[in-house]
Amino acid sequence: MELADILASLFPGGHEVAVTDNLISGSGIINAIKVHVIGIAGQSPLGCEGALILAGHVLEITRKGSAGPVLVLIDSSSQRMSRRDELLGLSECLTHLAKTLLLAGAQGHRTIGLLYGGSAAGAFIATALATGTLVALPGAHPAVMDLPSMARVTKLPIEVLKAKAEKTPVFAPGLENLAQTGAIHSVWNPDQSLAEQFFALLAEQISHDARDRLGESRGGRPKAASIAERVEKEASHA
Amino acid sequence: MTSANSWYEAGARQRVAALLDPGSFVEFIGPEQRESSPHLAIFDLPEQFDDGIIVGRGTLEGRRILVAAQEGRFMGGAFGEVHGAKLTGLLRAARSLREPVLILFDTGGVRLQEANAGEIAIAEIMRALVEARMAGVQVVGLIGGRAGCYGGGSLIAGCCSALIVSEQGRISVSGPEVIETNRGVEEFDSRDRALVWRTMGGKHRYLIGGADAFADDDVLAFREAALIVLAENGRLDADVLEAEQQRLEHRLHRFGKAHDAIDIWTDIGVSEPTEIPGLANDEFLRRIADKRETANGAR
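These lines cover the structure that appears in this document, whether it is placed above or below. As a convention, each chain's residues are numbered from 1 in the sequence order in which they are written. All chains are assigned letters beginning at A, and all ligands numbers beginning at 1, according to the order in which they are written. Thresholds applied to this predicted model are a pLDDT of at least 70 for local features of residues and 80 or more for the giving and counting of side-chain atom pairs; totals over whole chains, interfaces and linings are not thresholded and use all residues. Processing note: side-chain calculations cover all non-hydrogen atoms of the structure and skip hydrogens and water entirely.

1. Description of the overall build of chain B
Going by this rule: Helix numbers and strand numbers start at the N terminus; a helix is a DSSP run of H or I with at least 4 residues, a strand a run of E with at least 2. Here the globule rule reads 2.2 Å times residues to the power 0.38, and the radius of gyration is calculated from C-alpha atoms. Burial classification: accessible surface area is computed with a 1.4 Å probe over protein chains only, and a residue below 20% of its type maximum counts as buried, one above 50% as exposed, and the rest as partly exposed. Should any heavy atoms of two residues lie within 4.5 Å, those residues are considered in contact. With residues, only the protein chains shown are counted as cover, and all accessible areas are computed by Shrake-Rupley using a 1.4 Å probe. We score Asp and Glu as negative and Lys and Arg as positive, and we do not count His or the chain ends. In plain terms, the charge of a residue is placed at NZ if it is Lys, CZ if Arg, CG if Asp and CD if Glu.
Looking only at helices and strands, one finds 11 helices and nine strands in chain B. The C-alpha radius of gyration of chain B comes to 19 Å, within 12% of the 19 Å expected for a compact globule of 299 residues. Considered along the principal axes of its C-alpha atoms, chain B spans approximately 55 × 45 × 40 Å. For chain B, with 299 residues in total, the buried portion stands at 66%. Long-range contacts, defined here as pairs at least 24 residues apart, represent 73% of the contacts in chain B between residues at least 6 apart. By element, 48% of the accessible surface of chain B is carried by carbon and sulfur atoms, the whole surface being about 10,600 Å². Averaged over its 33 positive side-chain charges, chain B has a centre that lies 3 Å from the centre of its 45 negative ones.

Right, here's the structure in full:
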């Protein structure tokens with residue numbers, strides 16, 4: 001789905017969402033609830049400046065004290081890979097953005113990510129994966145790393161990687177693979193009203209990070225939830 | 001140059017033993033429980049019974065403290081499913097128990113053989129870390145190992161209330177090889193080690209406020225620095241993030257046109273900035289005193 005169609009389906013009554021240099025910001029109304037919107041468009045990479053601009057929007061939302069939901073729309077590539085970004089401390093800028101989203105969640109805003117295109121690595125972690133609930137549209141294509149690059153790093157032929165990808169969802173790119181690890185709450189139906197699906201999601205109570213349990217029940221991450229729980233228990237009993 | 005107690009040369013277990021009060025460390029889900037990665041066998045890779053990270057509790061000058069230490073010599077300290085879940089569990093415990101945490105980073109980032117599980121693990125760790133800090137818990141990162149602190153590891157480090165680095169501690173999202181592979185050798189020559197150190201290394205991070213304490217490459221120096229940093233307040237709230245927004249905007253405004261770290265060090269006002277990489281630590285600290293940018297808790 002294209003961004004304009006997504007916004008039209010989310011906000012049939014109109015919206016004030018603008019895209020500047022592939023950074024999304026603004027708001028719209030769904031069922032009389034004001035929804036704040038930020039995001040990345042055009043499969044663009046996220047660098048220091050972009051991360052701080054988006055973080056600034058989130059801080060402005062939380063500063064105002066309203067408890068409206070924050071929707072994060074994502075169609076990005078990875079973090080911007082450059083000498084300059086690393087020189088300036090890209091890790092601090094990306095993390096700062098993630099922290100503003102996590103703070104918004106803690107202050108009572110529902111934070112919902114909608115992955116409608118690509119996303120990868122640091123950009124994915126700083127945006128979509130920092131929301132309380134992440135949903136996706138069919139055709140979304142998240143990746144930690146593309147298979148050709150992975151072949152270079154792991155020194156395995158790409159045919160071997162493709163064959164292994166058939167057997168396990170744990171490393172290969174793609175929406176279905178990532179969903180099995182619990183990272184994606186659900187995949188929306190593009191043929192139905194996105195406003196209604198958004199509203200239904202708002203009605204669900206989500207209080208803690210249940211992604212590891214979800215990954216366990218879907219079979220993509222057999223051990224994470226139980227390991228984390230056991231560490232927590234051992235720490236509490238010691 | 002490395003000392004007899006070199007942090008860089010030590011393994012995860014040696015670091016923990018030397019950092020904490022002698023004999024105080026108790027490990028959670030130790031290697032005897034054989035909780036190794038369920039995914040490495042797919043790639044015919046050897047497993048390790050602790051999956052490359054040890055987590056547990058000890059004391060530091062008598063004060064209870066939770067500790068996680070990555071083993072950079074196993075799979076480059078990379079985050080896989082089990083590795084990540086151990087740190088997530090530790091941080092969740094820290095929040096409910098209100099106990100401070102030390103994270104001894106030594107990592108290349110997400111373990112590609114279990115990339116999806118590793119990536120989501122990074123996100124879970126960040127959330128657990130931030131929630132612990134919002135409850136007032138300090139989480140301090142120590143960086144000076146062989147593998148550096150790259151990729152998802154650098155993003156977890158960015159969530160910490162304070163960072164201690166040595167000269168050897170490199171912090172970066174994209175590693176030198178990744179930048180070179182994607183953008184070409186003209187953008188970043190990964191074989192130019194001097195370029196790597198001055199762009200991502202501990203001295204530069206400390207100079208621009210990307211780290212809060214600078215330690216010699218020595219386990220006892222890290223211990224001393226940890227004690228000082230732990231005396232501070234690590235709470236994360238809206239005011240801290242407003243201050244961090246200003247701090248980082250200021251940094252981009254001030255240094256955004258720099259091409260090289262030397263340009264930034266010149267701008268900061270360090271005398272003879274080209275000498276910085278070669279300076280011994282005491283001379284380095286003397287040379288930059290009152291000049292470096294500081295985070296002042298805005299992280």
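2. Description of empty space enclosed by the protein
Unoccupied space between atoms shows up once a probe the size of one water molecule is rolled over them. What counts, and what does not: Every definition here rests on a 1 Å grid over the protein atoms only: cavities are sets of points where a 1.4 Å probe fits but cannot get out, pockets are open sets enclosed by protein on both sides within 12 Å along at least five of seven lines, and lining residues have some atom within 4 Å of a point. Grid points are joined across faces, edges and corners, and a volume is the space filled by probe spheres set on the points.
According to the stated counting rule, one finds three cavities of 30 Å³ or more in the structure shown. Approximately 50 Å³ is the volume found for the largest cavity. Lining of the largest cavity is provided by Ser91 and Glu92 of chain A together with Ser154, Ala157, Gly158, Leu163, Ile171, Arg205, Gly210 and Arg299 of chain B. Within the residue set of the lining of the largest cavity, elements represented by two or more residues are α4 (90-106) of chain A together with α4 (152-159) of chain B.

3. Some points on the interface of chain A and chain B
Convention followed: Accessible area that two parts lose when put together, with a 1.4 Å probe and added across both, is what the buried area reports. For this document, the term salt bridge refers to a Lys or Arg side-chain nitrogen within 4 Å of an Asp or Glu carboxyl oxygen. Here a polar contact means two N or O atoms within 3.5 Å. Within protein one must be a hydrogen donor candidate and the other an acceptor candidate, and residues neighboring in sequence count only if both atoms are side-chain atoms. Asp, Glu, Lys and Arg are counted as charged, while Ala, Val, Leu, Ile, Met, Phe, Trp, Tyr, Cys and Pro are counted as nonpolar; the rest, among them Gly, fall into the polar class.
With 75 residues of chain A at the contact, the number on the chain B side is 85 residues. Regarding the contact of chain A and chain B, the summed buried area is about 6,900 Å², with carbon and sulfur atoms giving 63% of it. Between the two partners, chain A and chain B, sit 10 salt bridges. Glutamate 124 of chain B is the salt-bridge partner of arginine 221 of chain A, the closest N and O atoms lying 2.7 Å from each other. Viewed at the interface, chain B and chain A are joined by 39 residue pairs in polar contact (both at pLDDT 80 or more). Sorting elements by how many residues they give to the side of chain A that touches chain B places α4 of chain A first, with 13 residues. For the side of chain A that touches chain B, the class distribution of residues is 38 nonpolar, 19 polar and 18 charged.

4. With respect to the packing of helix α2 (residues 81-97) of chain B against helix α3 (residues 115-134) of chain B
Residue and element names in this part refer to chain B. The line we're drawing: The convention used is that axes are lines fitted to C-alpha atoms, helices contributing only their stretch in contact, and that angles between N-to-C directions extend from 0 to 180 degrees. Here is the rule for angles: anything less than 35 degrees is roughly parallel, anything more than 145 is roughly antiparallel, 65 through 115 is roughly perpendicular, and the remaining ranges are oblique.
At a minimum axis distance of 9 Å, the contact between α2 and α3 shows a crossing angle of 10 degrees. Between α2 and α3, the interaxial angle falls into the category roughly parallel. Contacts between α2 and α3 involve Glu81, Gly84, Leu87, Thr88, Leu91, Arg92 and Arg95 from the former and Ala117, Ala121, Glu124, Ile125, Ala128, Leu129, Glu131 and Ala132 from the latter. Looking at side-chain class alone, the contact of α2 with α3 contains eight nonpolar, two polar and five charged residues.

5. Here we look at the sheet that holds strand β9 (residues 186-187) of chain A
Residue and element names in this part refer to chain A. Worth spelling out the cut-off: Strands pair, by our definition, only if DSSP identifies at least two bridges between them.
Pairing within the open sheet is mixed, and its seven strands lie in the order β1-β2-β3-β4-β5-β7-β9. A strand with exactly one partner marks an edge of an open sheet, and here the two such strands are β1 (15-20) and β9. By the bridge criterion, six bridges tie β1 to strand β2 (residues 23-30) in an arrangement that is antiparallel. Along β2, the bridge assignment pairs valine 17 with glycine 26.

6. Re the nonpolar core
Residues and elements named next belong to chain B. Just so we agree on the cut-off: Throughout this description, the term nonpolar core refers to a set of buried Ala, Val, Leu, Ile, Met, Phe, Trp, Tyr and Cys residues connected via side-chain atoms within 4.5 Å.
Counting 124 residues, the largest nonpolar core has Val101, Ile103, Ile156 and Ile264 as the members making the most contacts within it. With 12 residues, the single largest contributor to this core is α3. Sequence-distant contacts of valine 101, that is, excluding residues within four places in its chain, are made with Ile65, Leu66, Leu90, Leu91, Ala94, Val137, Gln138, Val139 and Val140. With 25 residues, the next largest nonpolar core counts Leu60, Val67, Leu142 and Ala226 among its residues.

7. A short note on the packing of aromatic side chains
Residue and element names in this part refer to chain B. Applicable threshold: Here a Phe, Tyr or Trp ring, Trp counted by its six-membered ring, pairs with any other such ring whose centre lies within 6.5 Å, and the pair is stacked when the planes are under 30 degrees apart, edge-to-face when over 60, and tilted otherwise. Geometrically, a charge over a ring is one whose NZ (Lys) or CZ (Arg) sits within 6 Å of the ring centre while staying within 35 degrees of the ring normal.
Applying the stated rule across the entire model yields five aromatic pairs over all chains. An aromatic cluster is present here, built from Tyr206, Phe214 and Phe284 joined pairwise through their rings. Over the face of the ring belonging to phenylalanine 284 we find lysine 203, whose NZ or CZ atom lies 5.2 Å from the ring centre. Between the NZ or CZ atom of arginine 292 and the centre of the ring of tyrosine 206, over which it lies, the distance is 3.7 Å.

8. With respect to the pattern of salt bridges
Applying the stated criterion across every chain, the model contains 42 salt bridges over all chains. One salt bridge connects arginine 211 of chain A with aspartate 209 of chain A, and the closest N-O pair in it is separated by 2.8 Å. When sorted by exposure, arginine 211 of chain A lands in the same class as aspartate 209 of chain A, which is buried. The salt bridge partner of lysine 203 of chain B is glutamate 167 of chain B, with a shortest N-O separation of 3.3 Å. On the criterion of sequence distance, the pair formed by lysine 203 of chain B in helix α7 (residues 202-207) and glutamate 167 of chain B in the loop between β7 (162-165) and β8 (171-172) is long-range, its members being 36 residues apart. Judged by its relative accessible area of 5%, lysine 203 of chain B is buried. When salt bridges with common partners are traced through the structure, they connect Glu92 and Lys99 of chain A together with Asp212, Glu244, Arg247, Arg251 and Arg299 of chain B into a single cluster.

9. Looking at the side chain of asparagine 116 of chain B
Checked against the element boundaries, asparagine 116 of chain B lands in helix α3. With a relative accessible area of 2%, asparagine 116 of chain B lands in the buried category. Leaving out residues up to four positions away in the same chain, asparagine 116 of chain B has contacts with Val144, Pro169, Val170, Phe171, Ala172, Asn177, Leu178 and Thr181 of chain A.

10. Section: the environment of leucine 175 of chain A
All names here are of chain A. For leucine 175, the position within the fold is in helix α8 (residues 175-180). Judged by its relative accessible area of 14%, leucine 175 is buried. When the C-alpha positions of leucine 175 and leucine 137 are compared, they lie 9.1 Å apart, and in sequence the two are 38 residues distant. With residues up to four places along the chain from it excluded, the contact list for leucine 175 reads Ala136, Leu137, Pro138, Ala140, Pro142, Ile184 and Val187.

11. What to know about the side chain of aspartate 218 of chain B
Along the chain, aspartate 218 of chain B turns up in the loop between β9 (213-214) and α8 (219-230). For the buried aspartate 218 of chain B, no salt bridge is present, and the opposite-charge side chain at shortest range is arginine 223 of chain B, 9.7 Å distant.

12. Description of the sheet that holds β9 of chain B
Residues and elements named next belong to chain B. Taken together, seven strands build an open sheet; the order of strands is β1-β2-β3-β4-β5-β7-β9 and the sheet is mixed. Taken across any chain shown, the strands that pair with only one partner, and hence form the sheet edges, are β1 (26-28) and β9. As defined by bridge partners, strand β5 (residues 139-143) adjoins β7 across four bridges and the pair is classed as parallel. Paired with valine 140 across the two strands is alanine 162, which belongs to β7. Packing against the sheet, α4 makes contact with β4 (101-105), β5 and β7, and its axis sits at approximately 155 degrees to β4.

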